[in-house]
Amino acid sequence: MINTLLLILPLLLGWLLDFIFGDPSRLPHPIVWFGKMISWGEHRLNKGHHRMAKGAVMAIVLILMVFFVVWGLKQLIPNTVLWLILDTIIIFYCLAGTTLIREVRVVFLALDRSLDEGRQQVARIVGRDTSQLSAQEVRTAALETLAENLSDGVIAPLFWFALLGTPGMLAYKMVNTLDSMIGYRTERYKDFGCWAAHIDDVANYIPARLTALLMVIASGKLSLLKFVWKNGRKHASPNSGYPEAALAGILNCRFGGPHYYFGELFDKPFIGENDRELTTQDMHTAVHINRTAELLMLVLTSLVVISL
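Keep in mind that this is a model prediction, so the values were computed, not measured. (Residues numbered from 1 in each chain as written. Predicted model: local features only at pLDDT ≥ 70, side-chain atom pairs only at ≥ 80, totals over all residues. Heavy atoms only, no water.)

Details of the packing of aromatic side chains
Put simply, the rule reads: Planes of paired rings set the category: under 30 degrees apart is stacked, over 60 is edge-to-face and the rest tilted, where pairs are Phe, Tyr or Trp rings (Trp by its six-membered ring) whose centres lie within 6.5 Å. We call a charge positioned above a ring when the Lys NZ or Arg CZ atom is no farther than 6 Å from the ring centre and deviates by at most 35 degrees from the ring normal.
The final tally for this structure, using the stated rule, is seven aromatic pairs. Directly above the ring of Tyr205 sits Arg209, whose terminal nitrogen or CZ lies 3.7 Å from the centroid. The lysine or arginine in question, Arg254, covers the ring of Phe270, its NZ or CZ lying 3.7 Å from the ring centre.

Quick look at the structure:
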């Protein structure tokens, strides 16, 4: 019993810390360090010839470096208590469920005050240009991000923790950070970030579909699985469409459509057909679905860890 508890204790404590505090804004965050490393490498390597090869090498080296640094630290720590503390801290840093929900809530509150405030706030959590978004587009962008980042920020990290422990969990966060910074099909990143984007696609293939399944289970509307399967494949990303389709089906709304990224227009297919006006109540429903899916994944991960 004690050994079983020790296996899942860091997971439960790390999740609880994220649930209570969210991202620790006043403490150094590994994702910030990841971003600085990626930016440093991109500015020095993303020029001249062989950009795709250089981007591939940078991505693979950074991912492997993170994995083996964490793995090495765990081998060097003989004390069980210190080992548990290290794992708890890593899990806490890797989960982003609470911060994501807070940010989406703030977008809706800002939009209630003014469209400009809503645009400024949603720009904190989306990559698209927000300066010309309508109020409906601001709400849509926030809810799309809530669904997509449930996978990236919660389900996928827990999935990789279940498979590879905290080294795999933190390495996944490097994969995700690489994609979010250089995994775009713009003129600047289409070659250099190609491998980063494809690695992210592979790393999220199962978690994205698992996220959609958990969201549908959380809604109690299992009949939506057909809708998710049909519409999830419409997205330009092989993964992002599935959690977005799940939320679009749950809310009976429409996501997707054309957006500007770094000044370039990307015409994304629509997910769903009901182009109704989104409301603050939709945000509350989406948050409830996120939290329930998160709890389901926490239980599932705990069971996997115990069984292994």
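Alright, that's what it looks like, and here's the rest.
A word on the pattern of salt bridges
What counts here: Counted as salt bridges are all cases of a side-chain nitrogen of Lys or Arg within 4 Å of a carboxyl oxygen of Asp or Glu. Helix and strand definitions here come from DSSP, where helices need a minimum of 4 consecutive H or I residues and strands a minimum of 2 consecutive E residues; each element is numbered from the N-terminal end. When accessible area is computed with a 1.4 Å probe and restricted to protein chains, residues below 20% of their type maximum are described as buried, those above 50% as exposed, and intermediate ones as partly exposed.
Using the criterion set out here, one finds 10 salt bridges in the structure. The residue Arg124 makes a salt bridge to Glu103 at a minimum N-O spacing of 2.7 Å. A residue pair is termed long-range when its members are at least 10 positions apart, and Arg124 in the loop between α6 (115-122) and α7 (135-182) and Glu103 in helix α5 (residues 97-113) qualify at 21 residues. The buried category is assigned to Glu103, whose relative accessible area is 15%. The partner of Arg119 in a salt bridge is Asp116, with the nearest N and O atoms 3.5 Å apart. Separated by three residues within a single helix, Arg119 and Asp116 lie in helix α6, roughly one turn from each other. A relative accessible area of 18% means that Arg119 is categorised as buried.

A word on α6
Stated formally: Throughout, the arc means the angular range of directions from the helix axis out to the C-beta atoms. For this analysis, residues touch if any pair of their heavy atoms sits within 4.5 Å.
When we look at burial in α6, the residues that qualify are Gly118, Arg119, Gln121 and Val122. Down the axis, α6 shows its buried residues gathered within 165 degrees of arc, on one side only. Where α6 is buried, its residues contact α5 and α7.

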